[in-house]
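Each chain, letter by letter, is given below.
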Amino acid sequence: MKLRATSVFALVFFLAASSIEVSAQNTYQTPPKSIADLVNAPSTPSVRFSKNGDWMLVMERSDNPSIEMLSQPELKIAGMRINPATSGPSRQTGIENIKIKKTLSGEEIQITGLPAQPNMGGMSVSADEKYMAFTQTDADGISLWVVDLSTNSAKKLTDKIVNDVYGNSVLWTPANKMLVKAVNPTRGAIPVRPSAPAGPIIQETTGEAAPSRTYQDLLENPYDEKLFAYFMDSQLMEIDLEGNKKPIGPAGMIKSMDLSPDGNYIMVDLIQRPFSYLVPASRFPYDVEIWSRDGKKVKTLAQIPLGENIPTGFDATVTGPRNINWRADKPAVVYWVEAQDGGDARVEMEEREIIYTLAAPFSGDKKILATSAYRFGGIDWSDDSFAILNERWSRTRRDMRSIINPSNPSQAKHLIIDRSSDDLYNDPGDPVMVENEFGRNVLLRKGDLLYMRSPGGSPEGDMPYLSTFNTKTKEETILWRSQAPFYERVAVVLNDDASEFITIKESTDIQPNYWLVNTKKRIAPRQLTNFDNPYESIKGIQKQLVTYTRNDGLNLSAVIYTPEGFEPGKDAPLPVLMWAYPREYKSKEVAAQVRGSQYAFTRVSSGSPLFWVTRGYAIMDRTEMPIVGEGDKEPNDYFIDQLVANAEAAIDEIVELGIGDRDRIAVGGHSYGAFMTANLLSHTNLFAAGIARSGAYNRTLTPFGFQYEQRTYWEAPEVYFNMSPFSFAHKVETPILLIHGQADNNSGTFPIQSERYYNALKGHGATARLVFLPNESHGYAAKESINHTLWEMDSWLEKYVKNKNEIESSK
C-alpha cells in the first residue's frame, strides 16, 4: 500500500532529481552576541509540591546536549528511538540536581549521595511521601535509586537493569517497594545483523482497506523485528528499599504495567506478534493480562489485534476494548470502552460506545457502566454515586461532560457541560483533583459542587480563575481570579474548600514564581520561590496585545514586541518578523477569540522569534491565522484565501500602528507554520523574506490526512494539490530559507519534504537556501544546531529584510 501511494504521487507530480547544492559554509556558526546571550541563559528549575504543600522538590535540568552527545548510536525502529547501550530512549537529557525546599521557612536542603554524573529522570514519590525513586542513565545502562526524605540522602538500589525503552518503568507499591520493568536477565546478546538478506521484503494486502498516517522510523525488515523483540524483552521485578530483587511473573515484551489501587493486582500489557511495517509499536497486537501481586495470571482481559485497519478520520478508533484502566475510587475494578460502530465515525449510531466494568476477582461477567453517542474521552471518578463521563466529537469540536451514577448505570446521564473544545471564552475549566486513600486522583467536590480551574479566556486574553461549579444548576461561582498586570494560575489546591492554594505568578518581565494564597485569612499572598529572570537583557522591551479585523469582519489578534525605547510615529518604522501557526475552526465566533495572555512572562525558547527584538526588529508573535469552515463546510476548502486575508490584515495593522515598515516584513514558522510560510510566498508578494523550519510542502506525501484534514487525497485531490506549496514552486519570488532536522521523526514532515521542495524552487530560479541539521529531529536539541539555526535566520533576515533596500539599490 505504501508503494501504491507513492505511485499516485509520481503520476501527479514531477520530482526534480538534481542534487542539493552545498554551501561553502559547512561548519557550525554562532549568532550575534545579543542572541547568543539569550539562548545560553540558564534554565529555570522545575518544582513539584508535596500533598499538603509543606515542601517542594526543586529539580535543576541540564543544558542542551552537544552535537557529539546527540550523535551517539540509536535505533530507529517501530516508531521509537532507542539508545541500544542503555535500553532506554535516545535523545534525552535529565535532571542534574535535586533539592528540597521548605515552603514556609524557605530553607533549601541539598539531597546528598546523588550520582557523580547525574542524568536523572522518572522521579516518583511513595504514597506516604517518605521516599522518592528515580532512575539514573549512564552511558551503558539505567539504574534505580531511592531518596530517603527523612534524611534527604540518596542511594543506588540496583545495577543498570531498568528497561525504559517504552517508558513507565517504575511504580511504588503500597508497601513502599518498587515494581520495576527490568531488562530480561536472560535475553542474551544483541542480535547480529546478517551479512546478507535472507530474501526479499514482502508486504501483501488481500483487499481489506488499511489506511494509515505517514509514520516515521517503522520496522523495515526481519532484522528490525529481532531488534524490537530484543529491546522490548522485560522482566518485572519487585525491589525493596535495600535493593533486594524478586522476579514477578514471566518475562515478555512488556508494554506497560499498572497496579490496582489496593496494590493486590497488576495489569500488564504484553506485545504480541505479528509486528507491522505500516504502523508503530503502539498499534502492534497486545494482550491485557491481570496478574496477582506475586505474578500469577488471573485473567486475560483482552487480546488487542494489530491496528492497521482503523478507518480514516480523527473520530475513528480501534475495535474491541480500549482505554483499559483501574477505577481510581475502588480497590480493584477495571473499566474500558468498546466501539459499537466498528470504529468508523461515518456509521450513524445512537449508542456508539459502551463503557464496561469488571471487579476483582475478575471471574464474573462485564457490566455496562454507561453508553455514549460520541467518542469516549475518559472518566473523572469521585465515589460510587458520582463520576464525570467525558465525551467528544473531533469533527465538530464538540466537548461534553455528564454526571453518571456508577452504582446505578440505568440512571440517565446528567449533562453539565456542552461546548466547543475551541471555545476559550466559555471554558469552565477542568475539575480540581485530590488524592484519595489509594493515592489515586479523584474529584474535589462537596455534594453537587465541583471545584474547577479555568484558563479564563476573555477579550483581554487569558485571566485564569478558580471556581465552584454547581452540577445541578450549572452555575459557576468564581472564588479567585488572576488580576492584571499579572498572569497567575492555580498550581495546587491545599484544602477541602479550595480557600488555600499555590499559584504560579508572572508578568511580562517578572519570572514565574510560586506563591501561597489564602482567600479566607486576611494575609497577603506569600512568595515561595525566587527564581531570577534569566533574560535581563530584554527586560525593557515593549509588549502589547493588538486586535484587528480581517476583510470579512473576523476579529484577529497578535502580540507585538518592540525594542526598548521605541516610539511609533516618532521613530522610523522597523523591519518586522511575523511568526504564526495556522489553526482550523468550525465557528467564526470561536475563531475570533483572543488567545494567550498579554501579561505572560516573555520567555525566549530556542525556537522563539523574540531573539530579533535585540537586533532592531519588531516581532509580531502568535499572529492568529484562523481557517474557518462552518457547518458542513471544511476549513481547508478555503485555506489559501483565508490565509492570505489573515496575512494582509496583520501587515496592515502593524503598519498602521506606525511600528512596521511594509516593505521589510518577513514571515516564518515551524512545522505547520513552515507550511503556512511557503504557501504565503507561493500566493503573495506581501513579504520581503520567509523562514520555514521543519515543514511539509507536498500534501500528496501525506495522503491519508494531515493536521485537521480528515479527508484522504483520493476524496479531495484538489484540496491536497492547492494546499501544497510544491504545486506552486514556480510562483515563488520571495527569498525563502528552509531548515530541517535530518532525523525528523514527526508524522508527515519527512526531511525529503524540504529536499524536494528546494529542488523545485531551484529548478524554477527562486532564491532559496536549504539547511539540513545532522542528527536533529523535528525540534532542534544540540547547542551547535540551535546556535547555527539562529545564525542562519539572522543572516537571512539581515540580508533580505533589514537591508533589503540596500540590496535593491545595488542591483
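### Some remarks on the sheet that holds strand E35 (residues 500-507)
Spatially, the four strands line up as an open sheet ordered E34-E35-E36-E37, and their pairing is antiparallel. Lying at the two open borders of the sheet, with one neighbouring strand each, are strand E34 (487-493) and strand E37 (526-527). For E34 and E35, the ladder comprises six bridges, and the chain directions are antiparallel. Paired with Arg 489 across the strands is Ile 504, a residue of E35.

### Considering the pattern of salt bridges
Scanning the entire structure with this criterion turns up 46 salt bridges. For Asp 217, the salt bridge identified is with Arg 81, shortest N-O distance 2.7 Å. Placement of the pair is Asp 217 in the loop between strand E13 (178-183) and helix H4 (222-232) and Arg 81 in strand E4 (residues 80-83), with a sequence separation of 136 residues. Arg 81 shares its class with Asp 217; the two are buried. Between Glu 709 and Arg 711 there is a salt bridge whose closest N-O contact spans 2.8 Å. With a relative accessible area of 18%, Arg 711 lands in the buried category. If you follow the salt bridges from partner to partner, you end up with Arg 322, Asp 341, Arg 352, Glu 353 and Arg 375 in one network.

### Side note on the side chain of Glu 792
Among the structural elements, Glu 792 can be located in helix H10 (residues 783-802). Beyond its immediate chain neighbours, meaning those up to four positions away, Glu 792 contacts Leu 737, Ile 739, Arg 769 and Val 771.

### Examining H10
With 20 residues, H10 should reach 28 Å at 1.5 Å per residue; the first-to-last C-alpha distance of 26 Å fits that figure. Of all the 20 residues making up H10, 14 are buried; the element is thus mostly covered by neighbouring parts of the structure.

### With respect to the pairing of strand E38 (residues 542-549)
Relative to strand E39 (residues 555-562), E38 runs antiparallel, the two sharing eight bridges. Its bridge partner being in E39, Lys 543 is matched across the sheet by Tyr 561. Between E38 and E39, which pair antiparallel in sequence order, lie five residues; one of them, Gly 553, sits at a positive phi of approximately 95°.

### A short note on the packing of aromatic side chains
Centre-to-centre distance and the angle between the planes together describe a pair of aromatic rings. Counted according to the given criterion, the structure contains 28 aromatic pairs. Centre to centre, the rings of Phe 611 and Trp 612 are 5.9 Å apart; their planes meet at 80°, and the pair counts as edge-to-face. With a centroid separation of 5.7 Å and 70° between ring planes, the pair formed by Phe 721 and Phe 728 is classed as edge-to-face. An aromatic cluster is present here, built from Tyr 581, Phe 639, Tyr 672, Phe 675, Phe 704, Phe 706, Tyr 713, Trp 714 and Tyr 720 joined pairwise through their rings. The side chain of Lys 505 reaches across the aromatic face of Trp 515, ending 4.6 Å from its centre. For Arg 699, the ring lying beneath its charged end belongs to Phe 675, and the centroid distance is 4.6 Å.

### Looking at the packing of helix H6 (residues 639-656) against helix H7 (residues 672-683)
Put simply, H6 and H7 touch, their axes get as near as 10 Å, and they point 90° apart. Judged by the inter-axis angle, H6 sits roughly perpendicular to H7. On the side of H6, the interface is formed by Phe 639, Ile 640, Leu 643, Val 644 and Ala 647, while H7 contributes Tyr 672, Phe 675, Met 676, Asn 679, Leu 680 and His 683. Along the lines of polarity and charge, the residues of the contact of H6 with H7 split into nine nonpolar, two polar and no charged.

### Brief notes about the confidence of the model for the chain
Low-pLDDT portions of the prediction should not be read for the details of their coordinates. The predicted model of the chain averages 93 in pLDDT, with 96% of residues at 70 or higher. Counting contacts from residues 1-24, a segment whose pLDDT is below 50, to residues more than four positions away or on other chains yields 35 contacts.

### Some details on unusual backbone geometry
With omega at 5°, the peptide bond leading from Arg 273 into Pro 274 counts as cis. As for its position among the elements, Pro 274 is in the loop between strand E16 (265-271) and strand E17 (286-292). A cis amide bond links Ala 360 with the next residue in sequence, Pro 361, at an omega value of 10°. Summarising the element assignment, Pro 361 is placed in the loop between strand E21 (353-359) and strand E22 (367-372). Of note in the backbone geometry, Asn 176 takes a positive phi value of approximately 60° without being a glycine. Turning to its location among the elements, Asn 176 is positioned in the loop between strand E12 (170-172) and E13.

### Focus on the sheet that holds strand E25 (residues 398-404)
Ordered by their spatial adjacency, four strands build an open sheet running E23-E24-E25-E26, and the pairing between neighbours is antiparallel. The open sheet has two edge strands with one neighbour each: strand E23 (375-383) and strand E26 (414-420). With strand direction ignored, the average angle separating the axes of adjacent strands in the sheet is 15°.

### Describing the environment of Met 463
Inspection of the secondary structure assignment puts Met 463 in the loop between strand E31 (449-454) and strand E32 (465-470). A relative accessible area of 11% means that Met 463 is categorised as buried. In this structure the C-alpha to C-alpha distance between Met 463 and Arg 392, which are 71 residues apart in sequence, comes to 25 Å. When neighbours within four sequence positions are excluded, Met 463 is seen to be in contact with Pro 455, Gly 456, Ser 458, Arg 481, Ser 482, Gln 483, Ala 484, Phe 486 and Tyr 599.

Thresholds applied
Residues numbered from 1 in each chain as written. Predicted model: local features only at pLDDT ≥ 70, side-chain atom pairs only at ≥ 80, totals over all residues. Heavy atoms only, no water. Pairing = 2+ DSSP bridges. Helix = DSSP H or I, 4+ residues; strand = E, 2+ residues; numbered from the N terminus. Salt bridge = Lys/Arg side-chain N within 4 Å of Asp/Glu carboxyl O. Buried < 20%, exposed > 50% of the residue type's maximum accessible area, 1.4 Å probe, protein only. Contact = heavy atoms within 4.5 Å. Expected span 1.5 Å × (residues − 1). Phe/Tyr/Trp six-rings, centres within 6.5 Å; stacked < 30°, edge-to-face > 60°. Lys NZ or Arg CZ within 6 Å of the ring centre and 35° of its normal. Axes fitted to C-alpha atoms, helices over the stretch in contact; angles between N-to-C directions. Parallel < 35°, antiparallel > 145°, perpendicular 65-115°, else oblique. Nonpolar A, V, L, I, M, F, W, Y, C, P; charged D, E, K, R; others polar. pLDDT = per-residue confidence, 0-100.

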